[in-house]
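Listed here are the chains, written in short residue letters.
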Amino acid sequence: DGAAQGGGAASGGGTVELTIAKAGNIKVTAPAGSKVEDMMGDPAVKFPDSSMITLAKPSSIQEAELEAAIKDTKSTYKGASSFQSEKLPNGWIYRYVNKAPIGTMYMVQARIALGDALWMCSASTSSAAQQTAAFAACKSLKK
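Residues numbered from 1 in each chain as written. Predicted model: local features only at pLDDT ≥ 70, side-chain atom pairs only at ≥ 80, totals over all residues. Heavy atoms only, no water.

Q: In this structure, what is going on with the overall build of the protein? I would like to understand it.
A: Summing up its helical and strand segments, the protein has two helices and 10 strands in all. Starting at the N terminus and walking to the C terminus, you meet the elements of the protein as β-β-β-β-β-β-α-β-β-β-β-α. Compactness check: the protein gives a C-alpha radius of gyration of 14 Å against a globular reference of 15 Å for 143 residues, within 12% of the reference. Summarising its shape, the C-alpha atoms of the protein cover approximately 40 × 35 × 30 Å along the three principal directions. Within the protein, buried positions represent 41% of all 143 residues. Expressed as a percentage of contacts within the protein between residues at least 6 apart in sequence, the contacts between residues at least 24 apart total 35%. Carbon together with sulfur atoms contributes 53% to the accessible area of the protein, which is approximately 7400 Å² in total. (Helix = DSSP H or I, 4+ residues; strand = E, 2+ residues; numbered from the N terminus. Rg over C-alpha atoms; globule rule 2.2 N^0.38 Å. Buried < 20%, exposed > 50% of the residue type's maximum accessible area, 1.4 Å probe, protein only. Contact = heavy atoms within 4.5 Å. Areas by Shrake-Rupley, 256 points an atom, 1.4 Å probe, with all protein chains shown as cover.)

Q: Looking at this model, I keep getting lost on the side chain of glutamate 17. Mind explaining?
A: Tracing the sequence through the fold places glutamate 17 in strand E2 (residues 15–20). A distance of 3.0 Å separates the side chain of glutamate 17 from the side chain of lysine 142, its partner in a polar contact. (Polar contact = N/O pair within 3.5 Å; in protein donor to acceptor, adjacent residues only side chain to side chain.)

Q: Sorry, what's going on with the nonpolar core here?
A: Nonpolar side chains tend to gather and get buried jointly when the protein is soluble and globular. Formed by 27 residues in total, the largest nonpolar core has its most connected members in Ile53 and Leu141. Elements with a minimum of two residues in this core: E2, strand E3 (26–31), strand E6 (52–56), strand E9 (103–114), strand E10 (117–125) and helix H2 (128–140). In terms of nonpolar packing, the next biggest core, distinct from the first, is built from 10 residues, Ala80, Met105, Met107 and Met120 among them. (Core = buried A, V, L, I, M, F, W, Y, C linked by side-chain atoms within 4.5 Å.)

Q: For this particular structure, what's the right way to read the pairing of E6?
A: If a strand is regular, its side chains alternate between the two faces of the sheet. As paired strands, strand E5 (residues 42–46) and E6 are joined by three bridges and run antiparallel to one another. Looking across to E6, one finds that valine 45 is bridged to isoleucine 53. (Pairing = 2+ DSSP bridges.)

Q: Please clarify how the sheet that holds E10 should be interpreted in this entry.
A: Strand pairing in a sheet is mediated by backbone hydrogen bonds. Such pairs are either parallel or antiparallel. Read across the sheet, seven strands follow the order E4-E5-E6-E10-E9-E8-E7 without closing on themselves; strand pairing throughout is antiparallel. In this open sheet, the two edge strands, each paired with only one partner strand, are strand E4 (35–39) and strand E7 (80–88). Each adjacent strand pair in this sheet contributes to an overall mean axis angle of 20°, direction not counted. Two strands pair when backbone bridges link them, and E9 and E10 are joined in this way by nine bridges, in the antiparallel orientation. Across the sheet, the residue bridging to tyrosine 106 is threonine 125, located in E10. Contacts from H2 reach E6, E7, strand E8 (91–100), E9 and E10 within the one sheet, and its direction differs from that of E9 by about 5°. (Axes fitted to C-alpha atoms, helices over the stretch in contact; angles between N-to-C directions.)

Q: Explain the packing of aromatic side chains here, please?
A: Two aromatic rings, taken as a pair, are described by how far apart their centres are and by the angle between their planes. Counting across every chain of the model gives four aromatic pairs. On the basis of an interplanar angle of 25° and a centroid distance of 6.1 Å, the ring pair of phenylalanine 83 and tyrosine 94 is categorised as stacked. Taken together, the residues span a long stretch of sequence, with phenylalanine 83 in strand E7 and tyrosine 94 in strand E8 at a distance of 11 residues. When the ring of tyrosine 94 is compared with that of tyrosine 96, the centres are 5.9 Å apart and the planes differ by 25°; the resulting orientation is stacked. A residue is classified by how much of its surface remains accessible, and tyrosine 94, at 3% relative accessible area, is buried. Taken together, the ring pairs in this structure connect Phe83, Trp92, Tyr94 and Tyr96 into an aromatic cluster. (Phe/Tyr/Trp six-rings, centres within 6.5 Å; stacked < 30°, edge-to-face > 60°.)

This is how it looks when you write it as C-alpha cells:
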C-alpha cells in the first residue's frame, strides 16, 4: 500500500497514502491504519475507527453543481444544517450535520474529476472528528 507520511490526522496517528486500484489507481491520503476495501461493488477506504469514505460514479440524478447539490440535500434532509463547502480545482466538496431519527450524522459529499473519470466521494460518520478525517480524505483524492 502506501508509505506512512507525516501530518496530523484526526486520530493523531499521522496519515498514509493508499492506491485505490478499482478506481483507476487514484491515490488517497487517509488516517494511518486505513485500508482500501470493496463496499457492495464500490471502492471504499475504511479508517481505523471503522468510519469510511466510499467512491462511486455519479448517477444521472446527482447534481453536478455545488449550489444545486446543497439545495437538493437541504430539501431531502429536513434536519440538515451547518453546511461548509469548498470549490476545488477539479470539483467541489461540502459537509453538513444531519439530525435524523437514528441520531446525528456528520456527512461529507464531494464530486471530483480525476483524469477522465468523475467520482463522488461520500461519508456518513457519527462524530465531527470522523467527518473531518473523511473531508480531508475526499479532498486528497488525486490521479
